[in-house]
Amino acid sequence: MKRNLALLTDFYELTMSNGYFKDNRHNQVAVFDVFFRSIPDDGGYAIFAGLESIIEYIKNLTFDKESIEFLRNKKIFDEGFLTYLENFKFTSDVYAIKEGTPIFPNEPLMVIKGPIIECQLIETFVLLSINHQSLIATKASRIVREAKGRPVFEFGARRAHSYDAANLGARSAYISGVTGTSNTLADFMYGIPSSGTMAHSYVQSFPSEYEAFKSYALNYPDNCLLLVDTYDTLHEGIPNAIRIHNEVLKPMGKYLKGIRIDSGDLAYLSKKVRALLDEAGLTETKITVSNSLDEFIIRDLIVHQEAEIDAFGVGERLITARSEAVFGGVFKLSAIEENGQIVPKIKISDNVAKTTIPGFKQLYRFYDENDMAIADVITLHNEEIDPSKPYTLFDPNHPWKQKVVEKYRVEKLLVPIFEKGKLVYELPSIEAIRKHKEINFNKLWKEVIRLKFPHEYYVDLSQDLWDLRRALVVKHKH
């Protein structure tokens, strides 16, 4: 679906860009950081997603004649600026964390360095992509973990906030480990396995539930999964499902693959259903449940209620991240280039959390001897960390809290994506991204990923960056 998204930007990006152009400052090189301030649901981690959308957007960013004419009719934009947009070519450097990587507050997820006008023009799309897709990837990761290895299917297309949200949400969820999706277009676009059987309307459309089940079994004998709660799960649905197995599938040499429950007390019903199926000899028939599930309900079903559930279909609370539907990523200026030198910039606020980290930066992840992640350190871009030497980690807000680490390895998390406007990053397949997420998620301590009151993962500053930030705060406060 080809669309020109050049005007998908906040209007002030255009008014600022017009101002830069008229003041002949549009080619001044600037550095912007993308980061977020807090983790949704008071969690201990988030998952980075949305990079592929941003890459495709930048590659195709052009202002067509209709867009230019629309802006001209606003009667506030300089003709020279409109000509610039007509001939727009992206020339900046972009660094980013790889999709699927666990991320933490205040660290740079992306760094954009280039003409300030280019950075401003892409800001809105960068943020909307990361904020939405990282939010859904994070929610999906929490849900998948609480399913304890049981398959989770994303069933949220009809409850998503738009068709784009449905498609990109399915992609983000798959990155974080869901088994498949109900969204057929997501399968077509991204290769995410799509699945589904029937709705209650299918059952209701037949004279009886048994006839509905029989029709479905005859049409799909190799993949027969029956929705059993249209009328009465225990007294009609399951008995009819067992009859279908014995009278329709078994004579064909087939087996009832599964049943789905979409209402009622899922823990109670699953136990009763399991007993009825086992008594009938259908010990291999799987039980799938759906109905407004999330990570907390799934945990309670499995851990506290010992429900007999083999798979979960999760819809609205995944695809909308209903419990906290805002990720909160921001896009902030961190440096300006003057006379070939990078001049760090800072935003100071009485709200300490909103005071930014200045300078052109890099991000390192530290791993211990067991290859478990122990801390991230934000450094200046040209700093190198030598793992053959001890390194002092310290809390940037309470610098007396220190830890010296030895026998560690480090990994640079910000990798080049665009250099002078040229794409230098090879886009991985969705399966590779999914694998990257799994590998890196498994390097987090269980204390960091627990649902309630997780351990706060350390995100520290290098000594040089801490000194720089402190000096700028002192300078602007006096």
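In the annotation of an unreviewed UniProt entry, the entry for the protein reads Nicotinate phosphoribosyltransferase, and the organism field reads Acholeplasma laidlawii. According to its UniProt record, the protein has this under Function (unreviewed entry): "Catalyzes the first step in the biosynthesis of NAD from nicotinic acid, the ATP-dependent synthesis of beta-nicotinate D-ribonucleotide from nicotinate and 5-phospho-D-ribose 1-phosphate." The Pathway (unreviewed entry) field of the UniProt record for the protein holds the comment "Cofactor biosynthesis; NAD(+) biosynthesis; nicotinate D-ribonucleotide from nicotinate: step 1/1."

Along its length, the protein carries 16 helices and 21 strands. A burial count over the protein gives 53% of its 478 residues as buried. Pairs at least 24 apart in sequence give 74% of the contacts found in the protein among residues at least 6 apart. Surface summary for the protein: the accessible area is close to 22,400 Å², and the carbon and sulfur share equals 50%.

If you trace the seven strands from one edge of the open sheet to the other, you get E13-E12-E1-E5-E3-E19-E20, paired in antiparallel fashion. This sheet does not close on itself; its edge strands, each paired only once, are strand E13 (341–344) and strand E20 (422–423). Both strand E3 (residues 93–96) and strand E19 (residues 415–419) contribute to a ladder of three bridges, which runs antiparallel. Looking at E19, one finds that Ala96 is bridged to Val415. Across the sheet, helix H2 (residues 51–59) touches E3, strand E5 (110–115), E19 and E20, and the angle it forms with E19 is around 15 degrees. Contacting strand E1 (29–36), E5 and strand E12 (329–338), helix H5 (residues 116–146) runs over the sheet at an angle of about 160 degrees to E5.

A separate point is unusual backbone geometry. Even without glycine at this site, Asn24 takes up a positive phi of about 60 degrees. Here Asn24 lies in the loop between helix H1 (11–22) and E1.

With that settled, the discussion passes to the packing of helix H10 (residues 233–249) against helix H11 (residues 266–279). Contact pair H10 / H11: the axes reach a minimum separation of 11 Å and the direction vectors enclose 35 degrees. Crossing hand, H10 versus H11: right-handed. Touching Thr233, Leu234, Ile238 and Ile242 of H10 are Tyr268, Leu269, Lys272, Val273, Leu276 and Leu277, all from H11. Residue classes in the contact of H10 with H11 are distributed as eight nonpolar, one polar and one charged.

Once that is clear, we can look at the domain arrangement of the protein. Domain parsing of the protein yields domain 1 (9–135 + 322–475) and domain 2 (196–308). Using only C-alpha atoms to locate each centre, domain 1 and domain 2 end up separated by 47 Å.

Looking now at the sheet that holds strand E9 (residues 258–261). Ordered by their spatial adjacency, six strands build an open sheet running E7-E6-E11-E10-E9-E8, and the pairing between neighbours is parallel. Only two strands of the sheet have a single partner each, and these edge strands are strand E7 (180–181) and strand E8 (225–227). Alignment of strand E10 (residues 286–289) against strand E11 (residues 311–314), held across two bridges, turns out to be parallel. What sits directly across from Thr288, in E11, is Ala311.

Attention now goes to empty space enclosed by the protein. Gaps left between atoms show up when a probe the size of a water molecule is rolled over them. Summed over the entire model, instances satisfying the criterion amount to one cavity of 30 Å³ or more. By volume, the largest cavity is sized at about 40 Å³. If you trace the largest cavity, you find it lined by Pro40, Asp41, Leu135, Thr138, Lys139, Arg142, Ala321, Ser323 and Glu324.

Feature annotation in UniProt places "domain: Nicotinate phosphoribosyltransferase C-terminal" (unreviewed entry) on residues 361–468, given in this structure's numbering. Along residues 361–468 the backbone is 20% helical and 34% strand, and the end-to-end C-alpha distance reaches 12 Å.

Take the side chain of Arg274 next. Of note, Arg274 is situated in helix H11. Setting aside anything within four residues of it in sequence, one finds Arg274 in contact with Leu282, Thr283, Thr285, Ile287, Glu308 and Asp310.

In this structure, Leu85, Met110, Leu226, Ile259 and Phe312 are the most contacted members of the largest nonpolar core, which totals 135 residues. It is H5 that contributes the most residues to this core, 15 residues altogether. The residue makeup of this core includes at least three contributed by each of domain 1 (9–135 + 322–475) and domain 2 (196–308). Once residues within four sequence positions are removed from consideration, Leu226 is found in contact with Met198, Phe213, Tyr216, Ala241, Ile244, Leu256, Gly258, Ile259 and Arg260. By size, the runner-up hydrophobic cluster in this structure holds eleven residues, among which are Ala375, Val377, Val405 and Val410.

What counts, and where the lines are drawn
Residues numbered from 1 in each chain as written. Predicted model: local features only at pLDDT ≥ 70, side-chain atom pairs only at ≥ 80, totals over all residues. Heavy atoms only, no water. UniProt positions renumbered as here; feature names shortened; annotations may be inferred. Helix = DSSP H or I, 4+ residues; strand = E, 2+ residues; numbered from the N terminus. Buried < 20%, exposed > 50% of the residue type's maximum accessible area, 1.4 Å probe, protein only. Contact = heavy atoms within 4.5 Å. Areas by Shrake-Rupley, 256 points an atom, 1.4 Å probe, with all protein chains shown as cover. Pairing = 2+ DSSP bridges. Axes fitted to C-alpha atoms, helices over the stretch in contact; angles between N-to-C directions. Left-handed = near helix turned anticlockwise from the far one by under 90°. Nonpolar A, V, L, I, M, F, W, Y, C, P; charged D, E, K, R; others polar. Domains from an automatic or database assignment. 1 Å grid on protein atoms, 1.4 Å probe; cavity = no way out; pocket = protein on both sides within 12 Å on 5 of 7 lines; lining within 4 Å. Points joined across faces, edges and corners; volume = space filled by probe spheres on them. Core = buried A, V, L, I, M, F, W, Y, C linked by side-chain atoms within 4.5 Å.

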